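Residue-level structural notes
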Amino acid sequence: MDDELAALYAPFGLRITAGDITLRLFRDADLPAYAELISSRLFADETAPHVFDWWTKDPDVRLRSGQQFLWQARAGISPASWTLTMGVFEGAHLIGSQDVSAKDFAKLRVVDSGSYLRLDAQGRGVGTLMRQMMLVLAFDHLGAIRAESSAVLGNGMSIAVSKHCGYHLDGMEFTMNGQTRVELQRVAVTPETFIRPDVDVQVHGVTTALLEQLGASPLAG
């Protein structure tokens, strides 16, 4: 079935593996596990400024909005703008989410990203590895020349992951997290500063059809 889905819609064929960690696009069959993931505890301090606004919503609203987000992200993948929202699987168990996104990738070759892990999966290096796996895809297989990210000021764990991957500090900005104004620490990494993982990373499913859908085909420059 996976091969049939990938033949119909190329992003479904993308799979990144490192040891027993796998990143791949969410499928409808994953929705029950996804619902459990976004209902689980994600933050040690649930009152911290960096807690996602969507996580604070009523559980029923959170589940409905989360599923709509996955469908919208998949349907909206085009050369002009795309987000690959991938589940993070440890073996067969869904433990987090890692996304990578871009606008006008064919011209800019810059990606952004965001991620989260279940609280009981944190502190074991998985957060760093899944970010490194995403960067291997972006730099080695899509041709990105820069990857950006950000963290709410005070989110030391996120900043630590960025530093372990070779990101450097890239300025500050203000944004809204729901109804709360927060200050963001921007970070950026290039292929030259990227700190690669100690384990082998395998990327499968980067087909011509996928590259064209992302604006990353050789013809795009």
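Now for a quick tour of the structure. Just so we're clear, the structure is a prediction, and the values are computed from it rather than from any experiment. (Residues numbered from 1 in each chain as written. Predicted model: local features only at pLDDT ≥ 70, side-chain atom pairs only at ≥ 80, totals over all residues. Heavy atoms only, no water.)

Moving on to helix H6 (residues 156-164). Taken as a whole, H6 has its buried residues at Ser-158, Ile-159, Val-161 and Ser-162. Relative to the axis of H6, the buried residues are bounded by an arc of 155 degrees and lie together on one face. In H6, the exposed positions that point more than 90 degrees away from the buried face belong to Met-157 and Lys-163. Its buried side turned inward, H6 meets helix H5 (126-141), strand E6 (146-152) and strand E8 (180-189). Just downstream of H6, Gly-166 is the residue with a positive phi angle, here 95 degrees. (Buried < 20%, exposed > 50% of the residue type's maximum accessible area, 1.4 Å probe, protein only. Helix = DSSP H or I, 4+ residues; strand = E, 2+ residues; numbered from the N terminus. Arc of directions from axis to C-beta. Contact = heavy atoms within 4.5 Å.)

Attention shifts here to the packing of aromatic side chains. According to the stated counting rule, one finds four aromatic pairs in the structure shown. Ring centres 5.1 Å apart and planes at 65 degrees place the aromatic pair Phe-26 and Tyr-34 in the edge-to-face group. Given the relative accessible area of 5%, Tyr-34 is considered buried. (Phe/Tyr/Trp six-rings, centres within 6.5 Å; stacked < 30°, edge-to-face > 60°.)

By size, the foremost hydrophobic cluster in this structure holds 47 residues, and its most contacted members are Trp-82, Leu-84, Val-111 and Leu-135. Tallying contributions element by element places H5 first for this core, with ten residues. Beyond its immediate chain neighbours, meaning those up to four positions away, Leu-135 contacts Asp-140, Ala-147, Cys-165, Tyr-167, Val-189 and Phe-194. The next biggest cluster of nonpolar side chains, apart from the first, holds eleven residues, and it includes Phe-26, Leu-31, Ile-38 and Phe-43. (Core = buried A, V, L, I, M, F, W, Y, C linked by side-chain atoms within 4.5 Å.)

Burial runs high along strand E3 (residues 81-90): seven of the ten residues are buried. Note: E3 against strand E4 (residues 93-103), ten bridges, orientation antiparallel. Considered in E4, the bridge of Ser-81 is made with Lys-103. Counted along the chain from E3 to the antiparallel partner E4, the turn is two residues long, and its residue Gly-91 has a positive phi close to 65 degrees. (Pairing = 2+ DSSP bridges.)

Bear in mind that shape data such as this cannot, by itself, settle questions of function.
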